[in-house]
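The chain contents come next:
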Amino acid sequence: MANEKTINNDGVGRTFLVVFILCLVCSIIVAGAAVGLKPQQQEQIQLDTQRNILSVAGLSTPKMSAEDVQKVYGERIEPKLLNFKTNELSDSTGHFVLNDELRSDETSIALSPQEDIAKIRRRANSAEIYLVKDGSGKVSQIILPVYGSGLWSVMYAFIAVDVDGVTSRGITYYAHGETPGLGGEVDNPQWKAQWPGKKLFNEQGIPAIKIVRSGATDSPYGIDGLSGATLTSNGIQHMFDFWLGDNGFGPFLKKVREGALNNG
């Protein structure tokens, strides 16, 4: 009996050893693959960002190849870093990562409950924005990144703004976790088609875009809300209240309205 028990214990021990070694080998393989594939992952993230920027700027087609996206982006889009403290633009190095900026007190600020209408907790001290050039090289649009909490997720979007600093040229949500068929209707082309031509500010320069329940299409400031998705619609409203306000792009867009891009 003693020998049998010893044999059983040895068998169990060997089994655990084999499982441990197998798990260790698999972990090394997975970690190695993750490290090895990271450049390709970053390249795909960058390509997806470029596609979304070209889409909201009206410069893309569904069948554009990766090479075409990169070519048009390089010819027509100029990334810039906007400093929220000075509202000045500088050249972007191409290495701005929002999540990295938000991790540090040196590169971001905590928002008070009164300031945090979009429920994002922190705001980076800078934002990467995108100037869209026309065929002659003149700036025709500005693409701004905006984000805020919806019902289930933080929703990330690009809003295209005319060089008048007032008029929306389009919107695209490129990342969110809202319910398909409800809040997920932010992806619906019919809903997005309401945005071009809407006024983001009133004549006094106050943020004026409104997400309303219905009948908004006749108003220069109104966007029909998402049917059955009140909390997502409220999140969109709060997102724009914040990003068009004093703690967001409001002061920069005021400079744009005063001719800063044409004079710079």
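As the structure is a computational prediction, the values presented were derived from the model and not from experiment.

Rules used in this analysis
Residues numbered from 1 in each chain as written. Predicted model: local features only at pLDDT ≥ 70, side-chain atom pairs only at ≥ 80, totals over all residues. Heavy atoms only, no water. Buried < 20%, exposed > 50% of the residue type's maximum accessible area, 1.4 Å probe, protein only. Helix = DSSP H or I, 4+ residues; strand = E, 2+ residues; numbered from the N terminus. Pairing = 2+ DSSP bridges. Core = buried A, V, L, I, M, F, W, Y, C linked by side-chain atoms within 4.5 Å. Contact = heavy atoms within 4.5 Å. Axes fitted to C-alpha atoms, helices over the stretch in contact; angles between N-to-C directions.

(A) Here's a closer look at the pairing of strand 5 (residues 126-133). Across the eight residues that make up strand 5, a large majority, seven, are buried. Sheet topology places strand 1 (residues 77-83) next to strand 5; seven bridges connect them, and they run antiparallel. Bridge pairing in strand 5 links K80 to I129. By the bridge criterion, four bridges tie strand 5 to strand 6 (residues 139-149) in an arrangement that is antiparallel. Counterpart to K133 in the pairing with strand 6 is V139. The hairpin turn running from strand 5 into strand 6, its antiparallel successor, is five residues long, and G137 in that turn takes a positive phi close to 90°.

(B) How the structure looks around the nonpolar core. In this structure, Y173, F240 and F249 are the most contacted members of the largest nonpolar core, which totals 42 residues. Listing elements by their share of this core, those giving two or more residues are strand 5, strand 6, strand 7 (154-162), strand 8 (168-175), helix 5 (230-243) and helix 6 (250-257). Apart from residues no more than four positions distant in its own chain, Y173 is found in contact with M155, Y156, A157, V186, D187, W191, I236, M239 and F240. V56, M64, V72 and I77 belong to the second largest nonpolar core, which has 16 residues in total.

(C) Representation of the sheet that holds strand 7 within the structure. Taken together, the six strands give an open sheet; going across it, the order is 2-1-5-6-7-8, and neighbouring strands pair in antiparallel fashion. Lying at the two open borders of the sheet, with one neighbouring strand each, are strand 2 (88-91) and strand 8. This sheet shows a mean twist of 30° between the axes of neighbouring strands, independent of strand direction. Here strand 7 pairs with strand 8 via six bridges, running antiparallel. When the bridges of strand 8 are listed, I159 appears paired with I171. The strands that helix 5 touches are strand 6, strand 7 and strand 8; relative to strand 6, the one it contacts most, it runs at about 125°. Running at roughly 165° to strand 6, helix 6 makes contact with strand 1, strand 2, strand 5, strand 6 and strand 7 of the sheet.

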